[in-house]
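Architecture at a glance
Each chain, letter by letter, is given below.
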Amino acid sequence: MLQIEHVNKQFATRILLKDATAHLRPHTRTGLVGPNGSGKTTLLRMILGEDSPDEGTIRKRPKLKIGYLPQELETLSGKTVLDAAHRDLYPEHEAKRILAGLGFAQQDFTRPVETLSGGYRMRVALAHLLLSEPDVLMLDEPTNHLDKPTQQWFEDFLVNSQMTILVISHDTKFLDRIATHIWELRHHTIQEYRGNYTRFQEMRAERDTHEQLAANRQQKEVARVQKFIDRFRYQANKASQVQSRIKQIEKVKLIEIKRDTRRVRFKFPLPAASGRHVIELSHVAKSYGETVVYADLNFSIERGQRVALVGENGAGKSTLLKMLAGVLPFEKGTRTVGHGVTVHYFAQHQAETLNPEHTVLESLEDVSTRAERNFLRGLAGAFLFSGPDQKKPIKALSGGERNRVALARMLVEPANTLLLDEPTNHLDPASVDVLTDALTDFPGTIVFISHDPTFLMRVSTRVVEIDDGKARDFHGDYEYYLWKRAQELESIKESSEDLRPTAAQQRAQKSGQNAPKTAPAPHTPSGPNRRDLTKLRDRLAKQVSQAEAEIAELETRIKERDQELADPALYQKFSRWNELHHEQEKWKKDLERLTSRWTDLSQELEDVKKKLAG
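Structure report, in brief. Nothing here was measured: the structure is a model prediction, and the numbers come from that model.

Here we look at the nonpolar core
If you look at the biggest cluster of nonpolar residues, it comprises 41 residues, and the most contacted ones within it are Phe268, Phe383, Leu418, Leu420, Leu439 and Phe448. Counting 40 residues, the second-largest nonpolar core is a separate cluster that includes Val33, Tyr120, Leu146 and Phe157.

A look at the pairing of strand S18 (residues 470–474)
The sheet contact formed by strand S17 (residues 462–467) and S18 spans five bridges and is antiparallel. Bridge assignment links isoleucine 466 to a residue of S18, and that residue is alanine 471. Between S17 and S18, which follow one another and run antiparallel, lie two residues, and aspartate 468 among them has a positive phi close to 55 degrees.

Focus on the side chain of threonine 143
With respect to the secondary-structure elements, threonine 143 resides in the loop between strand S6 (136–140) and helix H5 (148–160). The class of threonine 143 is buried, set by a relative accessible area of 4%. In contact with threonine 143, not counting residues within four places along its chain, are Gln151, Phe154, Ser169, Asp171 and Phe174.

Observations concerning the packing of helix H3 (residues 92–101) against helix H4 (residues 118–132)
Axis separation between H3 and H4 bottoms out at 10 Å; the angle between their running directions is 130 degrees. On the basis of the axis angle, H3 is oblique to H4. The interaxial crossing formed by H3 with H4 has right-handed handedness. Along its contact with H3, which presents Glu94, Ala95, Ile98 and Leu99, the element H4 presents Ala127, Leu130 and Leu131.

Some words on the sheet that holds strand S2 (residues 14–24)
Taken in spatial order, the three strands of this open sheet run S2-S1-S4, and their pairing is antiparallel. The open sheet terminates on both sides in strands that have one partner only, identified here as S2 and strand S4 (55–60). Taking the axes of each pair of neighbouring strands and ignoring which way they run, one obtains an average angle of 20 degrees across the sheet. Inspection of the sheet shows strand S1 (residues 2–11) paired to S2 by seven bridges, in the antiparallel sense. Across the sheet, glutamine 10 pairs through a bridge with isoleucine 15, a residue of S2.

Overview of the packing of H4 against H5
The description of two packed helices rests on the angle between their axes and on the distance between the axes. Where H4 contacts H5, the axes come no closer than 13 Å and their chain directions differ by 20 degrees. Considered as vectors, H4 and H5 are oriented roughly parallel to each other. Relative to H5, the crossing made by H4 is left-handed. Residue-level inspection shows Arg123, Leu126 and Leu130 of H4 in contact with H5, the latter providing Thr150, Trp153, Phe154 and Phe157. Split by residue class, the contact of H4 with H5 holds five nonpolar, one polar and one charged.

Some remarks on the environment of glycine 316
Assignment of secondary structure puts glycine 316 in the loop between strand S12 (306–310) and helix H9 (317–325). Judged by its relative accessible area of 7%, glycine 316 falls in the buried class. For glycine 316 and aspartate 468, which are 152 residues apart along the polypeptide, the C-alpha to C-alpha distance reads 8.8 Å. Beyond its immediate chain neighbours, meaning those up to four positions away, glycine 316 contacts Val293, Tyr294 and Ile466.

Reading the values: the criteria
Residues numbered from 1 in each chain as written. Predicted model: local features only at pLDDT ≥ 70, side-chain atom pairs only at ≥ 80, totals over all residues. Heavy atoms only, no water. Core = buried A, V, L, I, M, F, W, Y, C linked by side-chain atoms within 4.5 Å. Buried < 20%, exposed > 50% of the residue type's maximum accessible area, 1.4 Å probe, protein only. Pairing = 2+ DSSP bridges. Helix = DSSP H or I, 4+ residues; strand = E, 2+ residues; numbered from the N terminus. Contact = heavy atoms within 4.5 Å. Axes fitted to C-alpha atoms, helices over the stretch in contact; angles between N-to-C directions. Parallel < 35°, antiparallel > 145°, perpendicular 65-115°, else oblique. Left-handed = near helix turned anticlockwise from the far one by under 90°. Nonpolar A, V, L, I, M, F, W, Y, C, P; charged D, E, K, R; others polar.

In short, shape yes, function no, at least from these values alone.
See the structure below:
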């Protein structure tokens, strides 16, 4: 279907591909992965014919129909959502089905496209692509603006379609669910793997381990032969044997171990501390035309909190963040900024505001005339721009690299409050890890929006769910939020089960007889009596004690596993090491979940004790 043969590609002194070869097979779903700036988007552009290889060829089947969703979308003006989705195709019924799956309501179909947010405009373009049924569907970061239900629909659609798919994504869970193959751009080549992202990681680690072991064995053998040469080089009776071994070494093709880019750590500059109360919105009303987003919103942040704003697309998360940042006016209410508060706001499309003609270093210099050049160079290096990369113009950078520049600009002048709208978009997993580590170490206050569940779990200490113009607080991390929501859904399910008629009532309804009456519920007082509170206290105390025992057991198992994994002999059995490591990671997540539950139970127990004491 599509063959990449010995392709070379470079820009100035920057090599992207060198003798790269790969084969895209029919009806496969291939994830294209690699560090930011490794050439992923350039490869897609060469397949489309918008760019060309310096050497090599890209062969395509005759009349191959390719659909492409880029990171940067064309502007669709003067069209409604429905018209833009099925333009030139005419399958209106199917267009409505796909638009509904992508999160559009019936009333949205007649909305002008230019009134939509960037995320929803991307969905319209995606709907058009899916309707056009291309032979090969190429997607560049398609899940960046999808909420969880929409992404689930999208994944199901891709898995059930017959299209051949080539997708760039840094969402590893998305690739785990949809990918049948992985292409990794690594050391300027395309390395192919069969399986999803997790399987790719396992096979790559095994390949690297075997390659390292082979290189070690080769080095030992070469050293042994060289030792013989050095020892007997000047002895006449060993001359022929020495020459034989010299020729043996000359014929050896040394295994070259290429190292991946070193992972860099950075820390946000330490800002001056703010007062306890950071920002407060009181009785705020905000509308866009006739669409009311918030009628009476009250929201406050305290120093040191890391607040995740969650909710469906279009619920008003970005609107709330902009009002907190003071960049979006509202019709009613007040915004109060606390003592000593300094704010950095990172918008969803922040990278688009960069001057394309400036270099990376010049872009950092734009933010402050006081910062020293050496400091800016160090900051650029922390964001993986080293040496000549700092002199690259912004227009030559990939989407992920531009996002890294935009994030770095926030650090030139320290601030104690960070407001971040999708900061991990377009970042590769290594860069996301670097940013995550820095944010969890940051001593100030953070409010952020993200669709990345791993990022949400690692960074958040408080979750606020935006729904129907209201902000609902969950005072715990993202794991706690998911657990609490699951409990509520289970409670709703149980309540609906209670409302269902009994089997006898159903039979009576079918036969037209009067249904047997259920016994009336006993009258309950307005509040629990002392006896009930005592029972509740004892039950909670038992649950707290049980949770403490389980936590202690998990901590012991994790500690013992640490010692087991540190055994050098285990390194030679990578698959076994990997299995034990993944099991330990699961234990750690269970420990976090259990600790959150213990905290909730302990708080409930204290509340009951206070009621009994009072």
